[in-house]
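Chain and residue survey
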Amino acid sequence: MLPKNKRKFHFIKIAFLSTACFWIFGSYRVIATELQSFYLNTSIPIIVSLKQSNNQLLCSKYKNIGRELEPTSNQVLSRSEILFKTVADDKVLSLPAERVPTIHQAAFKARVPVIMYHDIILKKEVIYDLTPQELKKHFELIKSNQMTPISLNRLIAHLRTGSPLPEKPILLTFDDGYGGHYEYAYPLLKKYNYPAVFAIHTSGVGVNAGRTHVTWEQLRIMASDPLITISSHSKTHPALTKISNKQLYKEVVESKKILEAKLNRPIIYFTYPYGNYDSRVKKIVASSGYLAAIAFGTPTEMFAGQSKDLFAISRFEKSRLEKVIPQAWGSPALPQCN
């Protein structure tokens, strides 16, 4: 038998260990409950890859929801596979993408018009101008023809993977950062829930000589809206094909840095001033951290999928809207399921 003082110490030791075990067990239950609650209330997406062209089971399941696929947000669209949200369930589809700047062969089958707008102003002064009432008529025409305006991200995901688009897709773009873009175009875009791209040359922001331009505060409001994509339109809007390499680099790189610093978001798209570019300009734009670039109609106006590559995305001038609407068409199915 243990001496009395040792028995007392032994009893205290057992009591301490029992209390510790009880506390640890209790803490474990709390932590386990919290973990269980976390996993029950957190949706962990299941990624389904359609890399295999002969996966008929997956094709059979997803072929009918192809037109509803949207690229997931907060992903890098330059990666070798692009993720898309499905509407039917909580799964995420992973589609293989062509190497930048190649356009997927399936995207050539679609006909996506990219429409170019300039200033929206109460009283037109030049042929490129449009009044707010005329812009509203354009939007009503788009709506009555059951067109679906898409974001630039969705177009790029389509061009890289051949992913299906809505039956009649269209992309709206506005160049030069005019004050009318914020005052008239942006409210109409919000009213109709239409995505759009605004191309900004940084030296013009807040400058109202001749015509008004958006301020940085207005631009921040627009940039924070999920409907709006901001692209760089150079720094001072020169003809890029006519300036030196040093000047060209400053126009392309510094405008990106300024926009990213002022708007606190990455700028991955470029729009060529006057729509003009050549191989030298494309090379510098591509090496400066941009994923794609929007041109105009060089050599001729054509649908996005018919463009040479991601750094030469063609557009139609706004006056061609009524003519291209009947031709617009999204791909019918996932390219891996044809």
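Look up a bit, the structure's there.
Residues numbered from 1 in each chain as written. Predicted model: local features only at pLDDT ≥ 70, side-chain atom pairs only at ≥ 80, totals over all residues. Heavy atoms only, no water.

**Quick word on the overall build of the protein chain**
The condition that has to hold: Only DSSP runs of H or I with at least four residues qualify as helices, and only runs of E with at least two residues qualify as strands; both kinds are numbered from the N terminus onward. Exposure is judged per residue with a 1.4 Å probe applied to protein chains only, and the accessible area is read against the type maximum: over 50% gives exposed, under 20% gives buried, and values in between give partly exposed. Working rule for contacts: check all heavy atoms of both residues, and any pair within 4.5 Å makes them a contact. We get accessible surface area from the Shrake-Rupley algorithm with a probe of 1.4 Å; when it comes to residues, only the shown protein chains can shield them.
Across its full length, the protein chain holds 9 helices and 12 strands. Residues counted as buried form 49% of the 338 residues belonging to the protein chain. At a minimum sequence separation of 6, the contacts of the protein chain that also span at least 24 residues come to 66%. For the protein chain, the accessible surface area stands at approximately 17,900 Å², while carbon and sulfur atoms represent 56% of it.

**Examining helix α4 (residues 152-161)**
For α4, the tally of buried residues reaches 9 of 10 residues, placing the bulk of the element in the interior. At the exit of α4 stands Gly162, carrying a positive phi of roughly 75 degrees.

**Digging into the sheet that holds strand β4 (residues 91-96)**
Formally: A pair of strands is treated as paired once DSSP finds two or more bridges between them. With axes taken as lines fitted to C-alpha atoms, and helix axes fitted only over the stretch in contact, angles between N-to-C directions fall between 0 and 180 degrees.
The strand order β1-β4-β3-β2 describes an open sheet built from 4 strands, whose pairing is mixed. In this open sheet, the two strands that pair with only one neighbour each are β1 (46-49) and β2 (70-71). Of the pairings in the sheet, the one linking β1 to β4 comprises 4 bridges and is parallel in character. Residue pairing across strands places Ile46 opposite Lys91, the latter belonging to β4. Strands in contact with α4 are β2, β3 (81-85) and β4; relative to β3, the strand with the most contacts, it is inclined by about 125 degrees.

**What about the pairing of β4?**
With 5 bridges connecting them, β3 and β4 associate as antiparallel partners. The residue bridging Phe84 from the neighbouring strand is Leu93, located in β4.

**Here we look at a nonpolar patch on the surface**
This is how it is decided: Patches were defined on residues exceeding 30% relative accessible area and lacking a salt bridge, with like-charge contacts within 9 Å and nonpolar side-chain contacts (Val, Leu, Ile, Met, Phe, Trp, Tyr) within 5 Å. Whenever Lys or Arg places a side-chain nitrogen within 4 Å of a carboxyl oxygen from Asp or Glu, that contact is recorded as a salt bridge.
On the surface, Val126, Ile127 and Tyr128 cluster together into a nonpolar patch covering about 330 Å² of accessible area. Position of Ile127 among the secondary structure elements: in the loop between β5 (114-117) and α3 (132-144).

**Examining the pattern of salt bridges**
Per the counting criterion, the structure on display carries 13 salt bridges. In this structure, Glu125 engages Arg211 in a salt bridge whose closest nitrogen and oxygen atoms are separated by 3.3 Å. Taken together, the residues span a long stretch of sequence, with Glu125 in the loop between β5 and α3 and Arg211 in the loop between β8 (196-200) and α6 (216-223) at a distance of 86 residues. Relative accessible area serves as the criterion here: at 58%, Glu125 is assigned to the exposed category. The exposure class of Arg211 is buried, given its relative accessible area of 17%.

**Focus on the nonpolar core**
Applied cut-off: Each nonpolar core is a collection of buried residues, namely Ala, Val, Leu, Ile, Met, Phe, Trp, Tyr and Cys, held together in the definition by side-chain atoms within 4.5 Å.
One finds Phe139, Leu172, Phe174 and Ile230 to be the most contacted residues of the largest nonpolar core, which totals 52 residues. Here the element with the most residues in this core is helix α5 (residues 179-192); it accounts for 6 residues. With residues up to four places along the chain from it excluded, the contact list for Phe174 reads Tyr117, His118, Ile120, Leu135, Phe139, His181, Ala185, Leu189, Ala196, Val197, Phe198 and Ala199.

**Remarks on the pairing of strand β7 (residues 169-175)**
Along β7, 7 of the 7 residues are buried, which leaves the element largely enclosed by surrounding structure. Residues Pro169, Leu171, Thr173 and Asp175 point to one face of β7 and Ile170, Leu172 and Phe174 to the other, with burial holding for every one of them. Taken together, the 4 bridges between β5 and β7 define a ladder with parallel strand orientation. Within the sheet, the bridge partner assigned to Tyr117 lies in β7 and is Phe174. Pairing of strand β6 (residues 148-149) with β7 involves 2 bridges; the strand directions are parallel. In the sheet register, Pro149 faces β7, and the bridge partner there is Ile170.

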